[in-house]
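Topology and contacts: notes
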Amino acid sequence: MKAAFLTGVRTIEIREIPAPRLVRDDDVLVRSKAVGVCGSDLHYYLSDSVGMDRVSYPFIPGHECAGVVEEVGGAVTRVKPGDAVVVEPAVSCGTCDQCRTGRPHTCRKLLFLGHYGELTGGMAEFALAPERNCVPLPAKMSVVQGALAEPLSIALYAAGLAGSVRGKTAAILGAGPIGLCAAMVLKAEGAGALFMTDKVEARVKAAGTAGAEWAGNPDREDIAAEILGRESIGLDLVFECCGDQPALDQAVAVLKPG
Ligand SMILES: [Zn+2]
Ligand SMILES: [Zn+2]
């Protein structure tokens with residue numbers, strides 16, 4: 001099969017390699033159809049380190065992956081060849097203490113799709129994943145929409161941490177894909193007035209389309225003053241979606257006390 005290897009900083013090579021084969025009876029071979037480019041993929045592409053971690057090249061990136069089932073192991077019942085699926089990229093072992101106490105995301109042997117030194121990513125013709133990581137796509141969803149399930153799940157989880165968001169005022173600081181996903185979730189769940197910020201003008205515009213009552217650029221505007229000018233008692237919720245210290249300071253400034 002053809003596979004896109006990240007071979008170094010700013011270097012991608014298409015190589016011909018053998019397709020993965022079913023090994024375990026719960027394995028599913030997925031023909032990869034759509035793969036998102038995550039912020040982490042950009043780190044791997046632009047720099048050979050992520051925080052304290054050194055990237056080890058070459059590897060096949062792509063963890064936001066959706067496709068069509070090609071072949072299944074003998075014990076697989078949830079999906080069959082031809083089914084469209086989203087692949088959940090975190091593959092847990094199912095047997096360690098964390099997995100056995102309902103915390104598979106902190107599995108001691110967690111392996112991640114498209115992470116160097118771990119599992120082959122989706123930027124290849126085929127990817128292999130256990131049945132429990134293959135989520136069937138509803139017929140009304142395309143595989144491209146399916147590839148967005150992973151970033152959307154981050155927004156859903158964040159909104160869940162906030163409890164009920166219905167009627168609550170909120171700010172989302174950072175209107176990249178994660179911030180925009182958060183906006184869609186808040187609007188779908190009936191949140192109140194929504195304020196969004198970003199330093200990239202196209203994203204400020206996109207925030208308006210995603211349902212923000214007001215969207216601004218911190219390079220141009222005093223974010224706390226603009227938001228508090230519109231909601232003088234402060235906001236119920238803030239989602240910090242950019243990882244920037246000034247945004248954390250703005251979050252504290254615009255929140256209601258307590
Ligand atoms: Zn991602
Ligand atoms: Zn485990």
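Preceding this section is the structure that the text describes.
For the structure given in this document, a descriptive report is provided here. Remember, predicted model here, so these are calculated numbers, not experimental data.

1. Here's the deal with the packing of helix 7 (residues 223-230) against helix 8 (residues 245-254)
The contact between helix 7 and helix 8 brings their axes to 9 Å, and the two run at 25 degrees. Overall, the two elements helix 7 and helix 8 adopt an arrangement that is roughly parallel. Of the two elements, helix 7 crosses helix 8, and the hand of that crossing is right-handed. The segment helix 7 lies against helix 8, with Ile-223, Ala-224, Ile-227 and Leu-228 engaging Gln-250, Ala-253 and Val-254. Residues of the contact of helix 7 with helix 8, tallied by class, amount to 6 nonpolar, 1 polar and no charged.

2. Details of the coordination of the zinc ion (ligand 2)
Protein ligation of the zinc ion (ligand 2) involves Cys-93 (SG), Cys-96 (SG), Cys-99 (SG) and Cys-107 (SG), the donor distances falling in the range 2.3 to 2.4 Å. Of note is the zinc ion (ligand 2), whose 4 donor atoms meet at the metal with angles of 103 to 116 degrees in an arrangement that counts as tetrahedral. Considered as a linear motif, the donors of the zinc ion (ligand 2) on their single chain read C-x2-C-x2-C-x7-C. Separated by 14 residues along the polypeptide, Cys-93 in the loop between strand 8 (90-91) and helix 2 (97-100) and Cys-107 in the loop between helix 2 and strand 9 (111-112) bring together distant segments of the chain.

3. Digging into the sheet that holds strand 15 (residues 237-240)
Strand order in the open sheet formed by 4 strands is 14-13-12-15, and the pairing between neighbours is parallel. Unpaired on one side and paired on the other, strand 14 (214-216) and strand 15 mark the two borders of the sheet. Direction aside, neighbouring strands of the sheet carry axes that sit 15 degrees apart on average. In this sheet, strand 15 lies alongside strand 12 (residues 170-173) in parallel orientation, the contact comprising 4 bridges. Following the sheet pairing, Leu-173 is matched in strand 15 by Glu-240. On top of the sheet, helix 5 (residues 177-188) reaches strand 12, strand 13 (194-197) and strand 15; it is set at about 175 degrees to strand 13, its chief contact.

Definitions and limits used
Residues numbered from 1 in each chain as written. Chains lettered and ligands numbered in written order. Predicted model: local features only at pLDDT ≥ 70, side-chain atom pairs only at ≥ 80, totals over all residues. Heavy atoms only, no water. Axes fitted to C-alpha atoms, helices over the stretch in contact; angles between N-to-C directions. Helix = DSSP H or I, 4+ residues; strand = E, 2+ residues; numbered from the N terminus. Parallel < 35°, antiparallel > 145°, perpendicular 65-115°, else oblique. Left-handed = near helix turned anticlockwise from the far one by under 90°. Contact = heavy atoms within 4.5 Å. Nonpolar A, V, L, I, M, F, W, Y, C, P; charged D, E, K, R; others polar. Donors = N, O, S within 2.8 Å, 3.2 Å for Na, K, Ca; no water. Tetrahedral: all angles 85-135°; square planar, octahedral: opposite > 155°, others 65-115°. Pairing = 2+ DSSP bridges.

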